[in-house]
Amino acid sequence: MTGAPPRVLTIAGSDSGGGAGIQADLRTLFACGVHGCVALTAVTVQNSLGVTGVHEIPPDTVAAQVVAVAEDIGVQAAKTGMLASARIIEAVTPALDRVGIGRGRTPFVVDPVSASMHGDPLLADSALDALRGLFFPRATLVTPNLDEVRLITGIAVKDRADQRVAAEALHALGPEWVLVKGGHMWDDPECLDLLYDGREFTELPGPRYDTEHTHGSGDTLASSISAALARGASVPEAVRFGKDFIVRSVAAAYPLGAGTGPVSPFWRLAG
């Protein structure tokens with residue numbers, strides 16, 4: 001019998017359509033050879049056309065999941081997805097501290113899911129405040145898209161110069177590293193992601209594919225980065241791994257239902 005693989009805890013909501021949320025996290029972690037554990041924050045009613053309902057898990061139950069998993073199974077990295085409310089963020093924070101997840105300890109990737117793929121807000125202002133004030137200072141890495149950058153910092157990123165300004169503003173909120181994703185910078189011929197540690201900018205260019213099927217792309221990127229961190233990679237190494245993983249997953253995206261299909265890690269199964 002072999003030993004247990006590295007473990008990653010995802011603190012996120014469920015997607016009944018299977019394209020994003022914990023479903024995307026778990027299949028990405030599996031594709032990366034990592035065991036995924038879950039602290040479920042919300043159950044959503046959604047399909048390829050959008051979200052029509054959300055049921056939040058009680059905050060103390062979310063926090064208890066974090067503690068139960070980390071104290072028994074142990075995790076080498078953790079990530080967040082949809083956090084649903086300020087009450088959940090406030091309940092989870094002491095649980096993270098109790099089990100040693102966060103800056104300078106077990107790597108903690110905060111994917112600040114606060115805007116839909118259409119740019120609509122998914123978190124109330126109070127939850128955004130809690131995200132900025134409680135999770136960002138504990139984060140090893142934050143991975144916002146440009147709509148989330150706008151909601152969190154008030155900066156509307158239009159070009160690469162704005163992207164650098166946004167990275168500096170996000171880093172000032174306390175995370176160790178910032179990855180400003182450029183997929184929504186539609187006038188740029190590349191998908192340029194920008195990594196920043198408070199001193200140095202690292203540009204990570206990638207192709208821009210002509211596809212509408214990008215559901216779950218943020219979850220997939222953050223999960224693949226978390227998997228690499230759990231395996232002992234440095235943040236720059238993990239982000240480069242995640243960038244390659246998401247580029248290949250977008251290339252392998254497929255249609256699903258009548259709306260937007262998901263990016264796919266199934267390419268890892270080929271050959």
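These numbers were taken from a predicted model, which means no experiment stands behind them.

Chemist: Would you explain the pattern of salt bridges in this entry?
Modeler: Within the structure shown, the criterion is met by 13 salt bridges. For Lys181, the salt bridge goes to Asp111, with nearest N and O atoms at 3.9 Å. Placement of the pair is Lys181 in the loop between strand S7 (177–180) and strand S8 (193–196) and Asp111 in the loop between strand S5 (108–110) and helix H4 (125–135), with a sequence separation of 70 residues. Each member of the pair, Lys181 together with Asp111, is buried. Note that Arg248 and Asp244 form a salt bridge whose closest N and O atoms lie 3.1 Å from each other. Of this pair, Arg248 and Asp244 are both found in helix H8 (residues 235–251), four residues apart, which corresponds to roughly one turn of the helix. Using a relative accessible area of 37% as the deciding quantity, one classes Asp244 as partly exposed. Through salt bridges that share partners, Asp97, Arg105 and Arg138 make up one connected network.

Chemist: Teacher, can you tell me more about the environment of Ala78 here?
Modeler: Among the structural elements, Ala78 can be located in strand S4 (residues 77–80). Each C-alpha atom, one on Ala78 and one on Ala127, is 20 Å from the other, the two residues being 49 residues apart in sequence. Residue contacts for Ala78: discarding those within four places in its chain leaves Leu9, Ile101, Pro107, Phe108, Val109 and Ser226.

Chemist: Help me understand the packing of helix H3 (residues 86–99) against H4 in this model?
Modeler: Any two packed helices are characterised by the angle at which their axes cross and by the distance between the axes. Look at H3 against H4: their axes get within 8 Å of each other, and the N-to-C directions meet at 15°. By the criterion of interaxial angle, the relationship of H3 to H4 is roughly parallel. In the packing of H3 onto H4, the handedness of the crossing is left-handed. Across the interface between the two elements, Ala86, Ile89, Glu90, Val92, Thr93 and Leu96 of H3 pack against Ser126, Ala127, Ala130, Leu131, Leu134 and Phe135 of H4. A class-by-class count of the residues in the contact of H3 with H4 yields nine nonpolar, two polar and one charged.

Chemist: Help me understand the pairing of strand S1 (residues 7–15) in this model?
Modeler: Side-chain direction in a regular strand flips from residue to residue, so the side chains alternate between the two faces of the sheet. The element S1 is largely enclosed, with a buried count of nine among its nine residues. Pairing between S1 and strand S2 (residues 35–47): eight bridges, direction parallel. Bridge assignment links Leu9 to a residue of S2, and that residue is Cys37. Sheet analysis places S1 next to S4, joined by four bridges and oriented parallel. Following the sheet pairing, Leu9 is matched in S4 by Ala78.

Chemist: Can you walk me through the sheet that holds S8 in this structure?
Modeler: Strand pairing within a sheet occurs via backbone hydrogen bonds; the two strands may be parallel or antiparallel. Spatially, nine strands are ordered S3-S2-S1-S4-S5-S6-S7-S8-S9 in an open sheet, and the strand pairing comes out mixed. Single-partner strands in this sheet number two, and they are strand S3 (50–56) and strand S9 (201–204). Across the sheet, helix H2 (residues 59–72) is in contact with S1 and S2; its angle to S2 comes to roughly 155°.

Chemist: Quick question: what am I supposed to make of the nonpolar core here?
Modeler: The nonpolar side chains of a soluble globular protein tend to be buried with one another. Of all hydrophobic cores here, the largest spans 50 residues; its most connected members are Leu9, Ile11 and Phe135. For this core, the element with the highest residue contribution is H3, accounting for six residues. Leave out the neighbours within four places in its chain, and Leu9 touches Cys37, Val38, Ala39, Val66, Val69, Val75, Ala77, Ala78, Lys79 and Ile101. Of all hydrophobic cores here, the second largest spans 26 residues; its members include Ala77, Leu141, Leu179 and Val235.

Chemist: Which parts of the structure should I look at to understand the packing of H2 against H3?
Modeler: At a minimum axis distance of 8 Å, the contact between H2 and H3 shows a crossing angle of 20°. Of the possible angle classes, the one that applies to H2 and H3 is roughly parallel. Remark: the crossing between H2 and H3 carries right-handed chirality. Across the interface between the two elements, Pro59, Val62, Ala63, Val66, Val67, Ala70 and Glu71 from H2 touch Arg87, Ile88, Ala91, Val92, Ala95, Leu96, Arg98 and Val99 from H3. When the residues that make up the contact of H2 with H3 are grouped by side-chain class, the tally is twelve nonpolar, no polar and three charged.

The rules behind the values
- Residues numbered from 1 in each chain as written.
- Predicted model: local features only at pLDDT ≥ 70, side-chain atom pairs only at ≥ 80, totals over all residues.
- Heavy atoms only, no water.
- Salt bridge = Lys/Arg side-chain N within 4 Å of Asp/Glu carboxyl O.
- Helix = DSSP H or I, 4+ residues; strand = E, 2+ residues; numbered from the N terminus.
- Buried < 20%, exposed > 50% of the residue type's maximum accessible area, 1.4 Å probe, protein only.
- Contact = heavy atoms within 4.5 Å.
- Axes fitted to C-alpha atoms, helices over the stretch in contact; angles between N-to-C directions.
- Parallel < 35°, antiparallel > 145°, perpendicular 65-115°, else oblique.
- Left-handed = near helix turned anticlockwise from the far one by under 90°.
- Nonpolar A, V, L, I, M, F, W, Y, C, P; charged D, E, K, R; others polar.
- Pairing = 2+ DSSP bridges.
- Core = buried A, V, L, I, M, F, W, Y, C linked by side-chain atoms within 4.5 Å.

By themselves, these figures tell us nothing about what the structure is for.
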